[in-house]
Each structure stands twice: as C-alpha cells, then as structure tokens.
Amino acid sequence: MDSALLEYSYTIITILFVIIFLKKSLHKKTSLKKSLIRWGLFGFLFNLYSLSWLYTTYPFPWIPEGVVQMVGITLFYIVGSFIAGLGFAIVGFSFDETVPSNYRPIIFGLLLSLAEILRSIFLSTLFAGNGGVIGLHWNASTIGNALSTTPFIEYAYFGGTYALTLVLGLFVYIFISKEHLRLYWKYLVILFAGLIFIHFFIPISSPERPFKVGVISTDFKIPKEDK
C-alpha cells in the first residue's frame, strides 16, 4: 500500500512540475536565453525531488557514519541534481518563435525526452569511476516514470522511460489549456490509437529461461577487523 501511494504521488508531483514550468513559458514571452535558464532550473529542481531517494542509501560504507556522512550525501545529492538538470535547458528551444505552431507539442516532448537522455549520460559519467560505464542505463526517477501508474506505460516497449517522457510531454502540452486542446486534439487521437495498437497487436513474450533477481541492502554495519 505504501509503495502504491509513493508511485501515485510521484506521478502527481512530476506532472505538476511540468505543468507549472510549461505555463510560465507559455504565458510569459521571454528571450531564448531566459527560456533555457528557466528549463535548466526546472531540471535542477525536478532532480532535487526525484533523486531524494539517495538518502535511503545511508549509510555509505566508504564514508564515516554520522554528520560527516550526511554532509557528504547532501553535497553529492545537490551536485548530482545540478549535473542531471543541465540537459533540461534544451527544452527552452521549443518556445522559440521560429518553431512552427503545429509542431510545438511534438518538439516539446522530443526535447524533454532528449533532456532525459542527456541526464542519463551526465549521471552515468558522474558514476563512471570504479568500473562504471557511460550510457543510457541511468533511467531511475525520470519524468517518464510518472506514467508507470497509467496504461500508457505500454509505450515503454518503444524506447523505455524516454518514450514515456515524450508521451507525457505531449499530454501536458495538449491539456495545458482549452486552446491547446482545440488546436492539437489530433495528437491525442494518434496517442490513443497507438496505445490500442500496442495493447492488442504487439506480442509480449516471457524470458526464454528462468532468471534470478538479487537485492542488496546497504543497511548494515561493517564488521571491525580483529587486531
């Protein structure tokens, strides 16, 4: 029950984040530079929220417990959120006046998805030491995860959470106002038709052979060495 509440709250808060910043971008016509800064700020604030689970990893065995460890986790948390949020600045380009109005919803969704891809690259680069690999494997706590509580999670078959971010961006852009809904309702038809097609015509197969999943907890004390 608790995990379900967390999932639904993540969906609601994430969508509210996008709505608030999108409304500001649409209602306050600013320069391209300010739009880039605004969405960079969005990236930082959203990652402050979405990466707050870092505190559940306490204690880190390689940092002394107590105040020192909490300060270390906090600094890592803030720096990680800043680095992860840098890529979101590109979403500001979707509000440039040269973007054709008919394509603005899809451009917004695509740039939001591209920002998530950059987020994964930046975060995996941050963790690249000690055998870490730079790539698109850092997809925890993304915007697209907000659709995990909805039927549209089936779009993850075509691009994982990055595809879900695109879909969420489209939905928010279309439903942000009655005017947008009137102008861009055709996108909704395509999204729902795509969902129906995926649900009924895309085959789902189980793994070819059984596999085991292991869960490792860091909630333990390191045994002291005998002297």
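Residues numbered from 1 in each chain as written. Predicted model: local features only at pLDDT ≥ 70, side-chain atom pairs only at ≥ 80, totals over all residues. Heavy atoms only, no water.

Close inspection of predicted coordinates is inappropriate in any region flagged by low pLDDT. The predicted model of the protein chain has a mean per-residue pLDDT of 85, with 84% of residues at 70 or higher. At the level of individual helices and strands, the protein chain shows its lowest average pLDDT in helix α3 (residues 67-86), which scores 84, and its highest in helix α5 (residues 160-175), which scores 94. (pLDDT = per-residue confidence, 0-100. Helix = DSSP H or I, 4+ residues; strand = E, 2+ residues; numbered from the N terminus.)

This part takes up a nonpolar patch on the surface. Judged by side-chain polarity, I12, I13, L16 and I20 come together as a nonpolar surface patch covering roughly 340 Å² of accessible area. In this fold, I20 is placed in helix α1 (residues 2-27). (Patch = residues over 30% accessible without salt bridge, like charges linked within 9 Å, V, L, I, M, F, W, Y side chains within 5 Å. Areas by Shrake-Rupley, 256 points an atom, 1.4 Å probe, with all protein chains shown as cover. Salt bridge = Lys/Arg side-chain N within 4 Å of Asp/Glu carboxyl O.)

In the structure shown here, the tally under the stated rule is 22 aromatic pairs. When the centroid spacing of 6.4 Å and the interplanar angle of 10° are considered together, the rings of F152 and Y155 count as stacked. The exposure class of F152 is buried, given its relative accessible area of 10%. A cation over an aromatic ring shows up here: K24 above the ring of F21, its NZ or CZ 5.8 Å from the ring centre. (Phe/Tyr/Trp six-rings, centres within 6.5 Å; stacked < 30°, edge-to-face > 60°. Buried < 20%, exposed > 50% of the residue type's maximum accessible area, 1.4 Å probe, protein only. Lys NZ or Arg CZ within 6 Å of the ring centre and 35° of its normal.)

Another point: the layout of surface pockets. Here the largest pocket defines a volume of roughly 370 Å³. If you trace the largest pocket, you find 20 residues lining it, with S25, L26, K29, F95 and R104 closest to the centre. Listing elements by their share of the lining of the largest pocket, those giving two or more residues are α1, α2 (32-50) and α6 (178-201). Split by residue class, the lining of the largest pocket holds 6 nonpolar, 8 polar and 6 charged. (1 Å grid on protein atoms, 1.4 Å probe; cavity = no way out; pocket = protein on both sides within 12 Å on 5 of 7 lines; lining within 4 Å. Points joined across faces, edges and corners; volume = space filled by probe spheres on them. Nonpolar A, V, L, I, M, F, W, Y, C, P; charged D, E, K, R; others polar.)

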